[in-house]
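Architecture at a glance
Each chain, letter by letter, is given below.
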Amino acid sequence: LYSIAGLMFWLVGYNLAYGIPEGGFIGSFLPWSDASAVDTGYSDGSDWFFQMVFCATTMSIVSGTLAERIKIWPFFLFAAILTGFIYPIQASWVWGGGFLAEMGVKDFAGGIVVHTTAGLAALVIAFMLGKRRTFANNTMNPPHSPVLTMIGASMLWVGWFGFNGGSALAADETASMAILVTHISAAMGALAWMGIEWFKQGKPTVVGIATGMVAGLASITPAAGTVGPQGALLICLLYTSDAADDT
């Protein structure tokens, strides 16, 4: 995924996302050698890499819908289209000065650009592929290794500080507050999910705790640079409680 995203975002995606908005819907396409014309606040190289990781992360979220359900070459083709065109165009709507930005939409670190784009793409793919052949008779088992799940969740928790804090585009008070509320939301999400499991099932699970932590991270992402700790607690509790109840 990162190989495809790296090439596609370098060839076309970066400029479609951050070039001068054309009609508010798409950035102007510039040759890759003219990337210096794109002004996003970073130096060119650091900005391209940071934004490319957001792009690749979007595709990695979608890949959970496709795992073991699609041949490899259509998967690679879809990854190229999403990372080269779909994600960059939607990023231009919010972060590239497009029509959503003009309407006052705020997305600090990707709640709309990354998570909504990935969620909608995954939903469309799920409808196109249909149910798994054995879905009605064979419910998927929990992860075979809770230990590996927790290791991955721990790495994700730490990595998210760069995801949200880096979106301040500077090492300043906004970045430090984004990191603070990210940590608070993740911690509250883990505890909230654990409490709900304890109440509904009689005991908590490490997989449930990891799930709550991810729910906390995802819920705070779009508001990480605009709310304080109290707002983070409220957002996380509402989101996590609703998600846990649905599961």
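Provided above is the structure to which this section pertains.
These numbers were taken from a predicted model, which means no experiment stands behind them. (Residues numbered from 1 in each chain as written. Predicted model: local features only at pLDDT ≥ 70, side-chain atom pairs only at ≥ 80, totals over all residues. Heavy atoms only, no water.)

1. Concerning the overall build of the chain
Helix and strand counts for the chain come out as nine helices and two strands. When the helices and strands of the chain are read in sequence order from the N terminus, they spell out α-β-β-α-α-α-α-α-α-α-α. In the chain, buried positions account for 39% of the 247 residues. Summarising the internal contacts of the chain: among those between residues at least 6 apart in sequence, 68% fall at separations of at least 24. In the structure as shown, the chain presents an accessible area of about 13200 Å², 69% of it carried by carbon and sulfur atoms. (Helix = DSSP H or I, 4+ residues; strand = E, 2+ residues; numbered from the N terminus. Buried < 20%, exposed > 50% of the residue type's maximum accessible area, 1.4 Å probe, protein only. Contact = heavy atoms within 4.5 Å. Areas by Shrake-Rupley, 256 points an atom, 1.4 Å probe, with all protein chains shown as cover.)

2. Quick word on unusual backbone geometry
We note that Leu 169 has phi near 65°; this positive angle belongs to a residue other than glycine. Among the secondary structure elements, Leu 169 is positioned in the loop between helix H6 (146–165) and helix H7 (173–201). What makes Leu 169 partly exposed here is its relative accessible area of 38%.

3. Concerning a nonpolar patch on the surface
Among the surface-exposed residues, Ile 72, Trp 73, Phe 76, Leu 77, Ile 81, Phe 85 and Ile 86 lie close enough to one another that they form a single nonpolar patch of about 690 Å² accessible area. Among the secondary structure elements, Leu 77 is positioned in helix H3 (residues 72–94). On the basis of relative accessible area, Leu 77 is assigned to the partly exposed category, the value being 46%. (Patch = residues over 30% accessible without salt bridge, like charges linked within 9 Å, V, L, I, M, F, W, Y side chains within 5 Å. Salt bridge = Lys/Arg side-chain N within 4 Å of Asp/Glu carboxyl O.)

4. So, the packing of H7 against helix H8 (residues 206–220)
For the pair H7 and H8, the least separation of the axes is 7 Å and the interaxial angle reads 140°. For the element pair H7 / H8, the angle class is oblique. Where H7 crosses over H8, the handedness of that crossing is right-handed. Between H7, through Val 181, Thr 182, Ser 185, Ala 186, Gly 189, Ala 190, Trp 193, Met 194 and Glu 197, and H8, the contact on the second element is made entirely by Gly 208, Ile 209, Thr 211, Gly 212, Met 213, Ala 215, Gly 216, Leu 217, Ser 219 and Ile 220. Taken together, the residues that form the contact of H7 with H8 break down as 10 nonpolar, eight polar and one charged. (Axes fitted to C-alpha atoms, helices over the stretch in contact; angles between N-to-C directions. Parallel < 35°, antiparallel > 145°, perpendicular 65-115°, else oblique. Left-handed = near helix turned anticlockwise from the far one by under 90°. Nonpolar A, V, L, I, M, F, W, Y, C, P; charged D, E, K, R; others polar.)

5. Quick look at H6
Across its 20 residues, H6 extends 28 Å between first and last C-alpha, which sits within 8% of the 28 Å expected from 1.5 Å per residue. Those residues of H6 that fall on the buried side of the exposure criterion are Ala 153, Trp 160, Phe 163, Asn 164 and Gly 165. (Expected span 1.5 Å × (residues − 1).)

6. Overview of the packing of aromatic side chains
As enumerated under the stated definition, the model contains eight aromatic pairs in all. A connected cluster of aromatic rings, assembled from ring pairs, spans Phe 50, Phe 54, Trp 95, Trp 160 and Phe 163. (Phe/Tyr/Trp six-rings, centres within 6.5 Å; stacked < 30°, edge-to-face > 60°.)

7. Points about the side chain of Glu 197
Relative to the helices and strands, Glu 197 resides in helix H7. For the buried Glu 197, which has no salt bridge, the nearest side chain bearing the opposite charge is Lys 200, at an N-O separation of 9.2 Å. Not counting residues up to four positions away in its chain, the partners in contact with Glu 197 are Gly 202, Lys 203, Pro 204, Thr 205, Gly 208 and Ile 209. (Lys, Arg positive; Asp, Glu negative; His and termini not counted.)

8. With respect to the nonpolar core
Considering soluble globular proteins, one finds that nonpolar side chains tend to be buried as a cluster. Formed by 40 residues in total, the largest nonpolar core has its most connected members in Met 59, Val 62, Phe 78, Leu 82 and Tyr 87. Of all the secondary structure elements, the ones that give two or more residues to this core are helix H1 (2–18), helix H2 (44–66), H3, helix H5 (111–129), H6, H7 and H8. Per-element accounting of this core gives the leading share, nine residues, to H1. Not counting residues within four places of it along the chain, the set of residues in contact with Val 62 comprises Phe 78, Leu 82, Ala 118, Ala 121 and Ala 122. Core analysis: the next-biggest nonpolar cluster, separate from the first, contains 11 residues, Ala 168, Ala 178, Ile 220 and Ala 223 among them. (Core = buried A, V, L, I, M, F, W, Y, C linked by side-chain atoms within 4.5 Å.)

9. A word on the packing of H6 against H7
Interaxial distance between H6 and H7 falls to 9 Å at its minimum, and their mutual angle equals 145°. By crossing handedness, the relation of H6 to H7 is classed as right-handed. Across the interface between the two elements, Trp 157, Trp 160, Phe 161, Asn 164 and Gly 165 from H6 touch Ala 175, Ala 178, Ile 179, Thr 182, His 183, Ala 186 and Ala 187 from H7. Of the residues assigned to the contact of H6 with H7, the class counts are eight nonpolar, four polar and no charged.

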